[in-house]
Amino acid sequence: MSVNNFFLADRFAVAGASADPAKYGYKVLRWYKSHELPVTPINPKEGLRILDLDAVTSLEKLDDPQHTAVSVITPPKITLPLIDTAEKLGVPSLWLQPGTFDEAVVARIKKSPINIIAQGRCILVEGSEALAIAKLHGGKKL
């Protein structure tokens, strides 16, 4: 699906955000902050703050899920129901980081109306260039 369309969202979130700097949930959240994008960490622990941001415990707790694109850094058994929840909430885009999907998740992706980026693509590798391209196109869907 379209990486450009992912970056058209007004807000972003990281499902599986972590306070541990060695984990990808921390690194991806830090990537958003370093690009000065409005981002919310999602972690099931109540009252968690990561990189000076207040975490929410689930997609349902996002302020505006219909305008929030979500990077997913969760095991496949968590990713699968997360896709269902994202659809119900009207989340426009999901970026499934490497390791977040298995055969069941891939089968589910094929049935989803959501813009879902997967297949081993990593925001830490492709994100900066994709964000720059999205900005060049002035926020228009490609």
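Preceding this section is the structure that the text describes.
Attention here is on the structure that accompanies the text. Position labels on residues start from 1 in each chain and follow its written sequence. It should be noted that, the model being predicted, local features are given only for residues of pLDDT at least 70 and side-chain atom pairs only at 80 or more, the latter also being counted only at that level, while totals for whole chains, interfaces and linings use all residues. Side-chain figures throughout are based on the complete set of non-hydrogen atoms in the structure, without hydrogens or water.

1. Focus: the packing of helix α2 (residues 24–34) against helix α5 (residues 123–136)
Piece 1. Whenever a helix is involved, its axis is fitted only over the stretch in contact; in every case the axis is a line through C-alpha atoms, and angles between N-to-C directions fall within 0 to 180 degrees. Comment: elements are numbered from the N terminus, with helices defined as DSSP H or I runs of at least four residues and strands as E runs of at least two. Contact pair α2 / α5: the axes reach a minimum separation of 11 Å and the direction vectors enclose 15°. By the criterion of interaxial angle, the relationship of α2 to α5 is roughly parallel. Classified by chirality, the crossing of α5 by α2 is right-handed. Facing Y24, K27, V28, W31 and Y32 of α2, the residues of α5 in contact are I123, L124, G127, S128 and L131.
Piece 2. A class-by-class count of the residues in the contact of α2 with α5 yields seven nonpolar, two polar and one charged. Comment on the angle field: the value is read as roughly parallel under 35 degrees, roughly antiparallel over 145, roughly perpendicular from 65 to 115, and oblique elsewhere. The crossing is said to be left-handed when, going from far helix to near helix, the turn is anticlockwise and less than a right angle, and right-handed when the turn is clockwise. We call two residues in contact whenever any of their non-hydrogen atoms come within 4.5 Å of each other. Throughout, the ten residues Ala, Val, Leu, Ile, Met, Phe, Trp, Tyr, Cys and Pro are labelled nonpolar, Asp, Glu, Lys and Arg are labelled charged, and all others, Gly among them, are labelled polar.

2. Remarks on the environment of V105
Piece 1. Mapped onto the elements, V105 comes out in helix α4 (residues 103–109).
Piece 2. For V105 and K135, which are 30 residues apart along the polypeptide, the C-alpha to C-alpha distance reads 30 Å.
Piece 3. Apart from residues no more than four positions distant in its own chain, V105 is found in contact with P76, T79, L80, I83, L96 and T100.

3. Considering a nonpolar patch on the surface
Piece 1. Here a patch means residues that are over 30% exposed by relative accessible area and free of salt bridges, tied together within 9 Å if like-charged and within 5 Å if nonpolar (Val, Leu, Ile, Met, Phe, Trp, Tyr). Accessible surface area values rest on a Shrake-Rupley calculation with a 1.4 Å probe, where residue burial reflects the displayed protein chains alone. In what follows, salt bridge is the name for a side-chain nitrogen of Lys or Arg lying within 4 Å of a carboxyl oxygen of Asp or Glu. Where nonpolar side chains cluster on the molecular surface, the patch consists of Y24, L124 and V125 and spans about 320 Å² of accessible area.
Piece 2. As for its placement among the helices and strands, V125 is situated in helix α5.
Piece 3. Partly exposed residues are those whose accessible area sits between 20% and 50% of the maximum for their type, while under 20% is buried and over 50% is exposed, using a 1.4 Å probe and protein chains only. Of the residues examined, V125 reaches a relative accessible area of 69% and is grouped as exposed.

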